[in-house]
There are 2 protein chains.
Amino acid sequence: MITKYCFGTPFETEAVAMKLNSTTVTSSDLTKEDSKDVFSFPISIKSDHNFFLEYDMAKDDIVYGLGEANRGINKRGYQYISYCTDDPNHTENKFSLYGAHNFIIIDGDQCFGLFFDYPGKLTFDIGYSSYSKLRVVAEEANLYLYVISGASSYDIIKQFREMIGESYLPPLWAFGYQQSRWGYKTASDIRTVADEYQKHGIGLDAIYMDIDYMEQYKDFTVDEEKFPNFTEFVAEMKNRNIHLVPIIDAGVKIEDGYSVYEEGVANNYFCKREDGTDFIAGVWPGDTHFPDFFKKDAREWFGNKYQTLLEKGIDGFWNDMNEPAIFYSKEGLDEAYEEVKKMENKELYLSNIFHLKYLMDSLQNKEDDHKRFYHDVEGKKVRHDKVHNLYGYYMTRAAGEAFHNLNESKRILLFSRSSYIGMHRYGGIWTGDNHSWWSHLLLNIKMMPSLNMCGFLYSGADLGGFGGDVTRDLMLRWLAFGIFTPLMRNHSAIGTRNQECYEFESAEEFKHLIGIRYRLIPYLYSEFVKAVKKNDMLFRPLAFDYPNDPLSRHIEDQLMLGEGLMIAPVYTQNATGRYIYLPEDMLYLKFTKDSDFSMEVLTKGHHYIEVDLSEVPLFVKQNHILPLAKEAENTATLDRKNFTILCYLTKEASYEFYEDDGITLPANGTTNILTIDCPNAAQIVNSEFQFA
Amino acid sequence: MITKYCFGTPFETEAVAMKLNSTTVTSSDLTKEDSKDVFSFPISIKSDHNFFLEYDMAKDDIVYGLGEANRGINKRGYQYISYCTDDPNHTENKFSLYGAHNFIIIDGDQCFGLFFDYPGKLTFDIGYSSYSKLRVVAEEANLYLYVISGASSYDIIKQFREMIGESYLPPLWAFGYQQSRWGYKTASDIRTVADEYQKHGIGLDAIYMDIDYMEQYKDFTVDEEKFPNFTEFVAEMKNRNIHLVPIIDAGVKIEDGYSVYEEGVANNYFCKREDGTDFIAGVWPGDTHFPDFFKKDAREWFGNKYQTLLEKGIDGFWNDMNEPAIFYSKEGLDEAYEEVKKMENKELYLSNIFHLKYLMDSLQNKEDDHKRFYHDVEGKKVRHDKVHNLYGYYMTRAAGEAFHNLNESKRILLFSRSSYIGMHRYGGIWTGDNHSWWSHLLLNIKMMPSLNMCGFLYSGADLGGFGGDVTRDLMLRWLAFGIFTPLMRNHSAIGTRNQECYEFESAEEFKHLIGIRYRLIPYLYSEFVKAVKKNDMLFRPLAFDYPNDPLSRHIEDQLMLGEGLMIAPVYTQNATGRYIYLPEDMLYLKFTKDSDFSMEVLTKGHHYIEVDLSEVPLFVKQNHILPLAKEAENTATLDRKNFTILCYLTKEASYEFYEDDGITLPANGTTNILTIDCPNAAQIVNSEFQFA
């Protein structure tokens, strides 16, 4: 059951798709004694100028949720600040990442979900200041609070997901392996990537175009020197079954004669300063204006701009820098420079040298800058910081709405760096600029179920790590996890070691790993579409499937995947294997280097498994079926009719297999039920099967 | 067997204590074919202008060593640069930390050790560029290479340790729990710490005095306003069995009238620029000069300065900022400021804004600055960068030599931030400015055996983490490991959350943990002194004790401790236990919250153990004895005669127990052999014992 409470005058974020009546809560309802009665659960709220919620957590309570956030599946023991932030250096002490997903579930004797629909800065202190206290604090007491009760966390999540609306569905090809790098500058660079992948027989469905494809980083332009005859180039690649995916940045370059800039200025489509002038932010193109995606007409205008690329044959995009990231503001720069000048004739003491450093360092993503520009929300001026977390959502919504209007029956790949709940209906996310760190591989693993809880099904991390130099072993281990994430993209930053699969010794080991991905795609796609339609999760904590198993409750490095699988990636350098816990007897499938696999039944309990580099362990729940396709070099040539059926059978098993053409909306494909009868004795099934 | 090779004209670092003749190797000895024969092992060396060593590692080779370095016990798969660096933000991608310990052991079918006695920058590429290649590169081919062969890595390490000389031995009280914080400013602050610890009954042997005790950060001064009657204060604390440990920084403040500065200038004790003027570096006091610890008379002079504090009753020091850390050099500052001024009237484009940021960021610990000053080595001018890694060593040696000359029979606590092999004879190290990160707890665990390999026995990390805000659970888990490290110090930075044990909820859980430390001190001390005398390791990888057990080879999160123990700390947030591997049946001792412990025998193999916060798991090898003392509030009142003897006995067991007065040098205490006879059947022994 969901109850919606209204505090003050909330901003209508459109995070929630379902229409629900709300109960208005005033501060007089919230004397400390009363407040606990108001919400069905013993949460105490103070709502005056600020909003302050407190809940006494029991020792063993787990707190799930928060989507794209730091640390573990269990968010207990740290602080998280919902404030979309461009922080590529997200070590474990950081409070904010690229998205803001304000949904948590308290899982213990009391079990309930809380969604704070509040687009400004929101702090979740989940046992950080005091281990037993959950505290959620907002500067302004203007928000909707949704309290969700249910039989379990999993049940609560499904209710929440139903409430926020169906998740975005990408085309089938977006489940193929994808290669990206900030550093591909020309058509020739991209052709080389395609050639090398195909030469090595390594599967590939898409190559990304980072900022260098544009003319001076101007949105919706293509540099004709670097990409002559772009339309032909897109077609050439598509003939090779490779999709090109260009980046779109939030900031629009200020340049006379550049139509996007000129139209934006002429029609008041850009964010404005308090005095009504267009706000200037420095990003990749230098000085830019930010489109005001809060204005319906600006959103339509910007969304329709994507058509300039759709017309050239493009069918996928990634929206970047939309927290929005700001390298500097005009005001911030002037202030800093004034201070620098003041020091000119002074002796430089330690403290002012530190101050100088601070001035320069703090130019970038300075929160003060968020108070320097405004959005026009149906004629009302709203200061950016108060709705900061919606900016990336609304940018992506602009594109999603335009795609729908242009051709409602075709799926376009779309994902974003910044996000807020609600955006999951329009696109996916990647988890931003990570590092070539083993700890970021582990973070990637732990983040997937949390993202699913908040509606983000199409997601994944920059495999191998964006910043820094990846090592071959990290790349292999990361890919061995990445083969399970819907978005499987290898992406890296300019200046770092090249990390395309063919850049490493023994590329055949990479080919083999990506081959496994293609063998799994029919299953992953089937499970993905079902999860979209049923508001279900693709990645789940073990405890969701085994609620009565106490050991499952604390496992964070194994995940349930779709209805029948469990994964247990290796994420430690120089490890030759790892420990796993099986909540029941399972079929242990190990994909070996020779593109074959071994199978054995492992019993419920703890095991140590040996997993060599480029091997992949996978577990199939008993009486669940994994349909495994043949290897393919892309989704276009993937055989989705003929499968090897793998199952550990102790009684009857069935699998609901969904398929469609992979491109049409709505997704009304066919569902085949595959059934295996009850055996005489427990057995491993390994048989060929052809779907009609 | 150790063979010493000489390349070019090496700098005489005095890392090695043993006199060995060397074989001179010239580049003509090193044609690619020949070089492999020269060194008994198939290493190939090119030694021309540069030095380049290469070795083909087998797939399963492990590389041990490098002391204070990033990542795992097995250094395979990454790059490490020996170049002492002040980097508090040492994420897993960093190449250099505070120390430079150029000893590695290749452990595989071929097993040998390599020590590169080279005080400049040295790069170890251990399968980073190519997984199978070990490459060691120095800019200049002037060095001693020691090649050590032996029966095993452990054997090679013992030979190496014998060669570099006996490790530093601190006083017994330095094994007590110690509290530090950058932020204790006055005698009253320190008295509060002492009061709170004693009020809560939490054991404590020392409180540290960070930079604020000095007058304007001037070495060997005590601010009389903050510390009136300092000598009396030291005595007051010592009466409470608490030792005060002041910090000494490398840089000497430039200030007329300050005797250390004036003496240094008058006698040419400071590092000089090429033109002969004293080099100026900005550190905590602002502009400073660096003592030239490479000059014998300057070293004597600086070492004797410690007496100003010894005379006041001080008996312990920590040497800091001696990489040396440099916030700015006069030259660097001028250059940066010139560039800033040049931009004044220009429009600021993105690239020059990034350049401005870079200018400011790169002021600190700029490698260029290391080329701006010189050492006087017996009359010869040596540019700092060429001998950079010796600076911290020689500073600490200055103190150690002075202590020896002042009173050769008394142990003084001494440890350093920066170090080079050789310094281990004069003092210990702490592992520098870490963070309140779970990953730094794990790094601490993995680093201990590597440090021991290189002679650094008295060492430990800043428990709880120096930078950032610790959470209660991290503090508890870190202390639960810290109770095993010889240096057990809780230290944190100004501006972070207070992390003294009494600052947290339920201080009794902290009291209980530190109580376990005191119960272990007689064993730890006994093992420590034996390790010093026998050139042995206190912390060992499991494989060293179980060379025939293949699973032990890859375990990095369990350590052998002293002759009979194995530890397995929990280092994951929200974990309620962990996996462990036992290479043989062992006694599993779990210290529980109630200051009691449980005991059971666990069989060889894999286990999952439940370990609640503030519980401590400990394993005793069969037929080995753990003598456990009673809890005490400091080492002065610790009963080192009466023990509880714990053992899992299947045949005869004996323990060699060393004790002495804890303060006299040389350490010629008594060794008692405690023996338990062969039992009729396997049994757990839990009996009281009194040493004579």
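This is a predicted model, so every value here is computed, not measured. Each chain carries its own residue numbering, running from 1 in the direction its sequence is written. Working convention: letters from A go to chains and numbers from 1 go to ligands, in the order in which they are written. In view of the model being predicted, local features appear only for residues whose pLDDT reaches at least 70, and side-chain atom pairs are presented and counted only at 80 or more, with totals across whole chains, interfaces and linings using the full set of residues. With hydrogens and water stripped out, all remaining heavy atoms of the structure feed into the side-chain values.

Considering the sheet that holds strand β9 (residues 111–117) of chain A
Residue and element names in this part refer to chain A.
Reasoning step 1: Any two strands with at least two DSSP bridges between them are considered paired. Only DSSP runs of H or I reaching four residues or more are called helices, and only runs of E reaching two or more are called strands; each is numbered from the N terminus. One open sheet holds the six strands; their spatial order is β2-β1-β12-β9-β8-β5, and the pairing between them is mixed. Where the open sheet ends on each side, the last strands, each with one partner, are β2 (22–25) and β5 (62–65). Neighbouring strand axes in the sheet, compared pairwise and without regard to direction, differ in orientation by 25° on average.
Reasoning step 2: Pairing between strand β1 (residues 2–7) and strand β12 (residues 143–149): six bridges, direction antiparallel. From the neighbouring strand, Cys6 faces β12, where its bridge partner is Tyr144. Working convention: axes come from line fits to C-alpha atoms, limited for helices to the stretch in contact. Angles between N-to-C directions cover 0 to 180 degrees.

Observations concerning the sheet that holds strand β29 (residues 539–540) of chain A
All names here are of chain A.
Reasoning step 1: Across the sheet, which stays open at both edges, the six strands sit in the order β29-β30-β31-β36-β33-β34 with antiparallel pairing between neighbours. Looking at strand neighbours, the two that pair on one side only are β29 and β34 (597–602), the edges of this open sheet.
Reasoning step 2: Examined bridge by bridge, strand β33 (residues 586–591) and strand β36 (residues 616–621) share six bridges and lie antiparallel to one another. Its bridge partner being in β36, Leu587 is matched across the sheet by Val620.
Reasoning step 3: We call two residues in contact when some of their heavy atoms are within 4.5 Å. Docked against the sheet, helix α13 (residues 507–534) engages β30 (559–561), β31 (565–567), β33, β34 and β36, running at close to 20° with respect to β36.

What to know about the packing of helix α9 (residues 350–361) of chain A against helix α9 (residues 350–361) of chain B
Reasoning step 1: Running from N to C, α9 of chain A and α9 of chain B cross one another at 145°; their axes reach a closest spacing of 9 Å. The way α9 of chain A lies across α9 of chain B gives a crossing that is left-handed. Contacts from Leu356, Lys357, Met360 and Asp361 of chain A in α9 of chain A reach Leu356, Lys357, Met360 and Asp361 of chain B in α9 of chain B.
Reasoning step 2: A class-by-class count of the residues in the contact of α9 of chain A with α9 of chain B yields four nonpolar, no polar and four charged. Helix crossings are classified by the rotation of the near helix relative to the far one: an anticlockwise turn of less than a right angle makes the crossing left-handed, while a clockwise turn makes it right-handed. Polar here means any residue outside two lists: the nonpolar Ala, Val, Leu, Ile, Met, Phe, Trp, Tyr, Cys and Pro, and the charged Asp, Glu, Lys and Arg; Gly therefore counts as polar.

Examining the pattern of salt bridges
When their charged atoms lie close together, side chains carrying opposite charge are able to pair.
Reasoning step 1: Salt bridges, as used here, are contacts in which a Lys or Arg side-chain nitrogen is within 4 Å of a carboxyl oxygen on Asp or Glu. Under the definition given, this model contains 97 salt bridges over all chains.
Reasoning step 2: Note that Glu263 of chain A and Lys305 of chain A form a salt bridge whose closest N and O atoms lie 2.8 Å from each other. Of this pair, Glu263 of chain A sits in helix α5 (residues 259–266) while Lys305 of chain A sits in helix α6 (residues 296–305), and the two are 42 residues apart along the sequence.
Reasoning step 3: Its relative accessible area of 27% is what places Glu263 of chain A among the partly exposed residues.
Reasoning step 4: Residue burial is assigned from relative accessible area. The probe radius is 1.4 Å, only protein chains are included, and a residue is buried under 20% of its type maximum, exposed over 50%, and partly exposed in between. Under the relative-accessibility criterion, Lys305 of chain A is labelled buried at 15%.
Reasoning step 5: With a shortest N-O distance of 2.8 Å, Glu527 of chain B and Lys530 of chain B are connected by a salt bridge.

A word on the UniProt feature "domain: Glycoside hydrolase family 31 N-terminal" (unreviewed entry) in chain A
Reasoning step 1: UniProt marks residues 50–125 of chain A with the feature "domain: Glycoside hydrolase family 31 N-terminal" (unreviewed entry), using the numbering shown here.
Reasoning step 2: In residues 50–125 of chain A, the share of helix is 0% and the share of strand is 43%. The end C-alpha atoms are 15 Å apart. UniProt positions are given in the numbering used here, feature names are shortened, and annotations may be inferred rather than shown by experiment.

Re the relation of the copies chain A and chain B
Reasoning step 1: For these two chains of identical sequence, chain A goes onto chain B by a turn of 180° and a shift of 0.0 Å along the axis, with RMSD 0.0 Å. What the superposition gives is, in effect, a two-fold axis relating one chain to the other.
Reasoning step 2: Both copies share a contact surface, since 100% of the interface residues of chain A are interface residues in chain B too. A residue counts toward the fit only if its pLDDT is at least 70 in both copies, and the copies are then superposed by least squares on the C-alpha atoms of those residues.

Considering the interface of chain A and chain B
Reasoning step 1: With 56 residues of chain A at the contact, the number on the chain B side is 56 residues.
Reasoning step 2: A per-residue breakdown of the area chain A buries against chain B is headed by Tyr337, Asn574 and Tyr579 of chain A, which together make up 13% of the total.
Reasoning step 3: At the surface where chain A touches chain B, the tally comes to two salt bridges.
Reasoning step 4: A salt bridge links Asp612 of chain A to Lys59 of chain B; the nearest nitrogen and oxygen atoms lie 3.3 Å apart.
Reasoning step 5: For the purposes of these results, a polar contact is taken to be a pair of N or O atoms within 3.5 Å, where, inside protein, one atom must be able to donate a hydrogen and its partner to accept one; residues adjacent in sequence count only when each atom of the pair is a side-chain atom. On inspection of chain A and its partner chain B, the count reaches 27 residue pairs in polar contact (both at pLDDT 80 or more).
Reasoning step 6: Looking at the side of chain A that touches chain B, the elements that each hand over two or more residues are α8 (330–342), α9, α11 (438–453), β32 (577–582) and β35 (605–610) of chain A.
Reasoning step 7: With seven residues, α9 of chain A is the largest single contributor of residues to the side of chain A that touches chain B.
Reasoning step 8: Within the side of chain A that touches chain B, the residues separate by chemical class into 25 nonpolar, 17 polar and 14 charged. Accessible area that two parts lose when put together, evaluated with a 1.4 Å probe and summed over both, is termed the buried area.

Thoughts on helix α8 (residues 330–342) of chain B
Reasoning step 1: Taking 1.5 Å of rise per residue, 13 residues should cover 18 Å, and α8 of chain B covers 18 Å from first to last C-alpha, within 8% of that figure.
Reasoning step 2: On the buried face of α8 of chain B, the contacting elements are α8 and α9 of chain A together with β20 (328–329) and α9 of chain B. For a helix, the expected span equals 1.5 Å multiplied by the number of residues minus one.

Notes on the domain arrangement of chain A
Residues and elements named next belong to chain A.
Reasoning step 1: Here chain A is described as being made up of domain 1 (2–164) and domain 2 (536–690).
Reasoning step 2: Residue ranges assigned to the domains are those given by an automatic or database domain assignment. Look at where the C-alpha atoms of domain 1 and domain 2 centre, and you get two points 34 Å apart.
Reasoning step 3: The interface of domain 1 with domain 2 comprises 14 residues on the first partner and ten residues on the second.
Reasoning step 4: With both chains or domains summed, domain 1 and domain 2 bury close to 1000 Å², and 56% of this area falls on carbon and sulfur atoms.

Remarks on the pairing of strand β9 (residues 111–117) of chain B
Residue and element names in this part refer to chain B.
Reasoning step 1: Of all seven residues making up β9, seven are buried, and the element is well covered by its neighbours.
Reasoning step 2: Across the two faces of β9 the burial is the same, with Cys111, Gly113, Phe115 and Asp117 and Phe112, Leu114 and Phe116 all buried.
Reasoning step 3: One ladder, built from five bridges, connects strand β8 (residues 103–107) with β9; its direction is antiparallel. By the bridge assignment, Asp107 is partnered in β9 with Cys111.

A closer look at the packing of aromatic side chains
A ring pair, where both rings are aromatic, is described by two values, the distance of the centres and the angle of the planes.
Reasoning step 1: Working definition: a ring pair exists when centres of Phe, Tyr or Trp rings (six-membered ring for Trp) sit within 6.5 Å. Plane angles under 30 degrees give stacked, over 60 give edge-to-face, the rest tilted. This model, assessed by the stated rule, comprises 133 aromatic pairs over all chains.
Reasoning step 2: Measuring from centroid to centroid gives 5.3 Å for Trp182 of chain A and Trp284 of chain A, while their planes differ by 55°, and the two rings are tilted. Of this pair, Trp182 of chain A sits in the loop between β13 (177–179) and α3 (187–199) while Trp284 of chain A sits in the loop between β17 (281–283) and β18 (286–289), placing them 102 residues apart in sequence.
Reasoning step 3: The exposure class of Trp182 of chain A is buried, given its relative accessible area of 18%.
Reasoning step 4: A relative accessible area of 22% places Trp284 of chain A in the partly exposed class.
Reasoning step 5: Here Phe643 of chain B and Phe657 of chain B contribute two aromatic rings whose centre-to-centre distance is 5.2 Å and whose plane-to-plane angle is 65°, an arrangement assigned as edge-to-face. Here Phe643 of chain B, found in strand β38 (residues 642–649), pairs with Phe657 of chain B, found in strand β39 (residues 653–659); they are 14 residues apart in sequence, far enough to count as distant. Of the two residues, Phe643 of chain B and Phe657 of chain B, both sit in the buried class.
Reasoning step 6: Geometrically, a lysine NZ or arginine CZ counts as sitting over a ring once it is within 6 Å of the ring centre and also within 35 degrees of the ring normal. Sitting above the plane of the Tyr131 of chain B ring, Arg76 of chain B keeps its charged end 4.2 Å from the centroid.
Reasoning step 7: Positioned above the aromatic ring of Tyr208 of chain B is the side chain of Arg489 of chain B, whose terminal nitrogen or guanidinium carbon lies 4.7 Å from the ring centre.

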